[in-house]
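# Working through the structure, step by step
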Amino acid sequence: MSNSGTRKTREQIEGIFYPKSVAVVGSNRVKGTVPHDIFYNILKDNFQGVVYPVSPKEPSISGVKAYKYVIDIQEEVDMAVLVFPSSVCNLAMEQCGQKGVKSMIIISAGFKEVGEVGLKREQEVKAIADKYGISFIGPNCLGVINTDPYCHFNASFARRMPAEGSIAFLSQSGALCTAVLDYAYAKNIGFSKFVSFGNKADVSEIDLLYYLKDDPKTKVILLYLEEVSNGRALMEAARTIIRETGKPILALKSGRTNEGALAAASHTGSLAGSDEVCNAAFKQAGIIRCNTIEEMFNYAIAFSYQPIPASNKIAIITNAGGPGVLATDKAIKEGLTLARFSEETTRTFKKSLPVTANIKNPVDVIGDARADRYNAALSASLSDPDVDGALVILTPQSMTEIKTIAEEICNISRGFTKPVYASFMGEMDVMEGIHVLEKNHIPHYSIPEDMCQSFATTYKFGSSLAIKDEAFVPFSDIDKDAASAILKEAASKGRTYLPEEEAVKVLEAYKLPVLPHGLANSKEEAAALGDKIGYPVVMKVMSEDIVHKFDVGGVQLNINNAEEAKKAYAGILANCKEKMPKAQIKGILVQKMVKNGEEVILGLKRDAAFGHVIMFGLGGIFVEVFKDVSFKVIPCDKTQIKDLLHEIKGFPLLDGIRGRTKKDVESIIACIQRLSQLAVDCPEIKELDINPLIVQNRNEGCYVADTKIML
Amino acid sequence: MERSEVETKVKGVIARVLKINEAEISSDANFIFDLGADSMQSMQLVAAFEEEFDVEMEEDKALDVQSVAAAVDFIKSLVDERN
């Protein structure tokens, strides 16, 4: 979504990528400066339209007649690339509007990124753009490149224009773009569109993503982000692109800080740092998050060059035993399976390979293999119905026909619809072969483990395409008004914390399984409540001033009779008065105690970028020490909730590992669904903890043993 | 010094530093957008104005001045202050 609040149309973005006439406004003759190099790049990189330099005092630039003002150009101008200093961009923008320019790229820095003065300038140019209906990329960016021969537009100050390809790259960082272009050039990787979107004052990454969805030149989308400003819109765009087109989105997201989490008051708040939430959201939206540029391009070439594998069954062909084993280990770890060759394939291997060769998977064609053995092994493997992809490994011996083997791999690959990847290990000796592979779009990896990981990533992505989103079905038995009334009442009084006594009422309204309870204001009332509820009970101090009750001795467990209840009442009051003498105490909550069951934690947190997220983990030591928790952005469907549960390492403890009794996982799922609806209905909830939720054996339910809500 | 006298001198300095015809300099011209001054030339202009009018300019304030008219006002205020 653009920063106008509405999404840009396809035509508006098309105008940025496919202009017919371009003015470079603020250009000059000084080589090695941005105003000169932008104009020169458009000119030298064979732009298929017309380009006009606009310069206040130069009569011509690079032999092309220059204009003092954009309004002096007689012909129509589709696009303007603004390279003036930020202080006069408003003047240039105004003239561009008068001229009828509809698309712009503002390269200039000195806007929002430099503080208050820059922010005002940015707002001013945005207002002028809105007045004239101009869509613009930037400011503070490297520019835009479109390699489509129909336009061939390099409006950037990158050192070189990349080759044509099917990978689109969108980046919030301009400097990273030039590094990526250099990296890609060395590996013969081409691009369809290349955009540095800078401060995204107008056109955002969301607008660009929707455009790329329908761009026939783009098969894979790469995204570099430093901050996510509208996480929900990003998730929706990604889901739409993946669902409608099957185009993968690979994202590199920097800025893994957790300042927000440090200030949180709940367990959920402290564990749900921005990076954890981002991870969960990307996964939920189908975005493949990468940790490095290299990893991103490892996956990108796999998606771009080869088909997505039909299954996880692979053949590994190698001339080196050790690397074959390394590849096998990694493949299995990543969820791939070594295919079982048919009798026919085995017969072919026996005929074509020496007796010393290993004809089981991984196929070892032996160190002295020449091209004929690779040819036989790869052809037979790909012909085998149990094989859905081949990974070829080569190490360079004295007799290894490196270039010929690379050519054979390319030729054989063309005859199949199954993916083929290669790993020619080494550097100098294998270089010639690697170039052949790269130019023929066989994904190449220097180490076999990266090859396996990339293959597995494409397989997992392909499998995920088959999973359909389930519709969110709201519960009809909830009392939204009752919950809202409690929350609004608290908010109207400026309160930010709802102690358990009130939080429980909110949960009750959403039919979460709270335990029988009551609030006592005297020893006698505590004993009477204990008698009524039935022992054992737990007693807890209720005070808006005491968030962490255990820390002040505000909780007593295992109270088994009326006398103990009276003692506990007095003891809790004494503890709290000693530790927090100024705390206003509303009473002591007496609650049924559940002794048996597995403790888990459920939580909600409202994330600035993605909205409400739900957290799940095992309680006690698992959450305190191991931080074994998982997250989903809500609302999430039942399949996603099951994922949420399975994502924690400790899930087998609920699932009956080593003879343990299986716990009632279905009841946890129901709680999460109801909690999810609560968050959707009540956006004012900032954080919510249910810690613990005590889960009984299968079909016996679960109970909310403690809860709190932050507004 | 009269404002018109300051303006005439200012335009002369601009023409000399930016190597442009004095007749092409309008009073409301922007140094960058209309006259094509780059950052180095902006610094040179400040130095030339200081010398021409025998005044000292605060660099930040001087570089904030964007148009010929604003420069005339700024310099006249400095000259008046000095006198």
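Quick caveat: nothing in here was measured; it's all calculated off a predicted structure.

## Overview of the domain arrangement of chain A
Residues and elements named next belong to chain A. Here chain A is partitioned into domain 1 (302-464), domain 2 (516-593) and domain 3 (598-710). Distance from the C-alpha centre of domain 2 to the C-alpha centre of domain 3: 26 Å. Domain 2 puts five residues into the contact, and the matching count from domain 3 is four residues. A buried area of about 330 Å², summed over both sides, lies between domain 2 and domain 3, and 29% of it is on carbon and sulfur atoms. Considering only the surface of domain 2 that becomes buried against domain 3, Lys540, Val547 and Lys549 emerge as the three largest contributors, covering 70% of it.

## Brief notes about the environment of Asp386(A)
Residues and elements named next belong to chain A. For Asp386, the location among the structural elements is in the loop between helix H14 (371-383) and strand S18 (390-394). The class of Asp386 is partly exposed, set by a relative accessible area of 21%. As for Asp386 and Lys313, which are separated by 73 residues in sequence, their C-alpha atoms are 6.9 Å apart. Ignoring any residue separated from it by four or fewer positions in sequence, one finds Asp386 in contact with Lys313, Ala339 and Arg340. A polar contact of 2.9 Å, which involves the side chain of Asp386, links it to the backbone nitrogen of Arg340.

## A look at helix H11 (residues 293-305) of chain A
Residue pairs three or four apart in sequence face the same way in an α-helix, which turns once every 3.6 residues. Residue and element names in this part refer to chain A. Between its first and last C-alpha atoms H11 spans 18 Å; for 13 residues at 1.5 Å apiece the expected length is 18 Å, and the two agree. Of all 13 residues that make up H11, 11 are buried, and the element is covered over most of its length. Along H11, the positions that sit buried rather than exposed are Glu295, Met296, Phe297, Asn298, Tyr299, Ala300, Ile301, Ala302, Phe303, Ser304 and Tyr305.

## Structural notes on the sheet that holds strand S21 (residues 517-520) of chain A
Residues and elements named next belong to chain A. As summarised here, the arrangement of the four strands in space is S21-S24-S22-S23, forming an open sheet in which the pairing is antiparallel. Where the open sheet ends on each side, the last strands, each with one partner, are S21 and strand S23 (555-559). Shown here is a sheet whose adjacent strand axes are inclined to one another by a mean of 20°, direction ignored. The pairing of strand S22 (residues 537-542) with strand S24 (residues 587-592) spans six bridges and is classified as antiparallel.

## A look at the nonpolar core
Soluble globular proteins tend to pack their nonpolar side chains together in the buried interior. All names here are of chain A. Formed by 102 residues in total, the largest nonpolar core has its most connected members in Ile42, Val81, Ile105, Ile137, Phe169, Leu250 and Phe610. No other element matches the eight residues that H11 contributes to this core. Domain assignment of the residues forming this core places at least three in each of domain 1 (302-464) and domain 3 (598-710). Those residues within four positions of Phe169 in sequence are excluded, and the remaining contacts are Leu176, Cys177, Val180, Phe191, Lys193, Phe194, Val195, Leu222, Tyr224 and Met296. One finds Val506, Phe651, Leu653 and Val665 within the second-largest nonpolar core, a separate group that totals 47 residues.

## Comments concerning unusual backbone geometry
Residue and element names in this part refer to chain A. The omega angle of the peptide bond from Ile634 to Pro635 is 5°, so this bond is cis rather than trans. Residue placement: Pro635 occurs in the loop between strand S27 (629-633) and helix H23 (638-646). The omega torsion across Asn691 and Pro692 is 10°, close enough to zero to call that bond cis. One non-glycine residue, Asn46, adopts positive backbone phi at about 65°. Relative to the elements of secondary structure, Asn46 occurs in the loop between helix H2 (34-44) and strand S2 (50-54). What makes Asn46 partly exposed here is its relative accessible area of 49%. We note that Lys200 has phi near 40°; this positive angle belongs to a residue other than glycine.

## Looking at the sheet that holds strand S6 (residues 103-106) of chain A
All names here are of chain A. The parallel open sheet is built from five strands, whose spatial order is S2-S1-S5-S6-S7. Two strands bound the open sheet, and with one partner strand each, they are S2 and strand S7 (135-137). Strand after strand, the sheet turns through a mean of 20° between neighbouring axes, direction not considered. One ladder, built from four bridges, connects strand S5 (residues 79-82) with S6; its direction is parallel. Its bridge partner lying in S6, Val81 is registered against Ile105.

## Topic: the environment of Phe303(A)
Residues and elements named next belong to chain A. Along the chain, Phe303 turns up in helix H11. The spatial distance from the C-alpha of Phe303 to the C-alpha of Pro443 is 9.0 Å, given a sequence separation of 140 residues. Here Phe303 is in contact with Lys219, Val220, Pro248, Leu250, Ile288, Ile308, Thr457, Thr458 and Phe461, once residues within four sequence places are set aside.

## Some details on the side chain of Ser311(A)
Residue and element names in this part refer to chain A. Mapped onto the elements, Ser311 comes out in the loop between H11 and strand S15 (313-318). Among the polar contacts listed, one links the side chain of Ser311 to the backbone nitrogen of Lys313, at a separation of 3.1 Å. When near neighbours in sequence (up to four residues on either side) are disregarded, Ser311 contacts Asp388, Phe455 and Tyr459.

## Considerations on the interface of chain B and chain A
Listed per partner, the contact involves nine residues of chain B and 11 residues of chain A. Roughly 900 Å² is buried in total at the junction of chain B and chain A, and carbon and sulfur atoms are behind 61% of that figure. The three residues of chain B that bury the most area against chain A are Ile32(B), Phe33(B) and Asp34(B), which together make up 65% of that side's buried surface. The tally of links from chain B across to chain A stands at zero salt bridges. Taken together, the links from chain B to chain A amount to three residue pairs in polar contact (both at pLDDT 80 or more). Its residues assigned to classes, the side of chain B that touches chain A comprises four nonpolar, four polar and one charged.

## A look at the layout of surface pockets
Residue and element names in this part refer to chain A. Approximately 1,400 Å³ is the volume found for the largest pocket. Every residue lining the largest pocket is counted, 37 residues in all, and those nearest its centre are Phe282, Lys283, Gln284, Gly286 and Ile287. When contributions to the lining of the largest pocket are tallied by element, the ones reaching two or more residues are helix H7 (231-245), helix H10 (274-285), strand S14 (288-290), H11, helix H17 (448-464), S27 and H23. Residue classes in the lining of the largest pocket are distributed as 12 nonpolar, 11 polar and 14 charged.

## A short note on the state of the cysteines
Counted by the stated rule, this structure contains zero disulfides over all chains. With no disulfide of its own, Cys410(A) has Cys452(A) as its nearest cysteine by sulfur position, at a separation of 19 Å.

## Digging into the pairing of S27(A)
Residue and element names in this part refer to chain A. Burial analysis of S27 places five of its five residues in the buried class, the great majority of the element. On S27, burial covers both faces: Val629, Phe631 and Val633 on one face and Ser630 and Lys632 on the other are all buried. Sheet topology note: the strand S26 (residues 611-618)/S27 ladder contains five bridges and is antiparallel. Residue Val613 lies in a different strand from S27, and its bridge partner there is Val633.

The rules behind the values
The written sequence of each chain sets the order in which its residues are numbered from 1. Lettering of chains starts at A and numbering of ligands starts at 1, both following the order in which they are written. Note on the predicted model: pLDDT of at least 70 is required for a residue's local features to be given, and 80 or more for side-chain atom pairs to be given and counted; whole-chain, interface and lining totals, by contrast, use all residues. As a rule here, side-chain values cover all heavy atoms of the structure and leave hydrogens and water aside. Boundaries between domains were set according to an automatic or database domain assignment. Whether two residues touch is decided by their heavy atoms; if any such pair falls within 4.5 Å, the residues are in contact. Here the quantity called buried area is the total loss of accessible area, with a 1.4 Å probe, experienced by two parts when brought into contact, counted for both. Only DSSP runs of H or I with at least four residues qualify as helices, and only runs of E with at least two residues qualify as strands; both kinds are numbered from the N terminus onward. Partly exposed describes any residue whose relative accessible area lies between the buried limit of under 20% and the exposed limit of over 50%, with all areas from a 1.4 Å probe on protein chains only and scaled to the type maximum. Polar contact is the term for a pair of N or O atoms within 3.5 Å; when the atoms are in protein, one must be able to donate a hydrogen and the other to accept it, and sequence-neighboring residues count only if both atoms are side-chain atoms. Each residue after the first adds 1.5 Å to the expected span of a helix. Strands are treated as partners if at least two bridges between them are detected by DSSP. Lines fitted to C-alpha atoms define the axes, with helix axes restricted to the stretch in contact, and inter-axis angles between N-to-C directions lie between 0 and 180 degrees. We define the nonpolar core as a collection of buried residues of types Ala, Val, Leu, Ile, Met, Phe, Trp, Tyr and Cys that are connected through side-chain atoms lying within 4.5 Å of one another. Whenever a carboxyl oxygen of Asp or Glu lies within 4 Å of a side-chain nitrogen of Lys or Arg, that contact is scored as a salt bridge. Nonpolar residues are Ala, Val, Leu, Ile, Met, Phe, Trp, Tyr, Cys and Pro. Charged residues are Asp, Glu, Lys and Arg, and all others, Gly as well, are polar. In the cavity and pocket records, a cavity denotes points on a 1 Å grid over the protein atoms alone where a 1.4 Å probe fits but cannot get out, a pocket denotes an open set with protein on both sides within 12 Å along at least 5 of 7 lines, and lining residues are residues with an atom within 4 Å of a point. Grid points are joined across faces, edges and corners, and a volume is the space filled by probe spheres set on the points. Note on terminology: disulfide denotes any pair of cysteine sulfur atoms within 2.5 Å.

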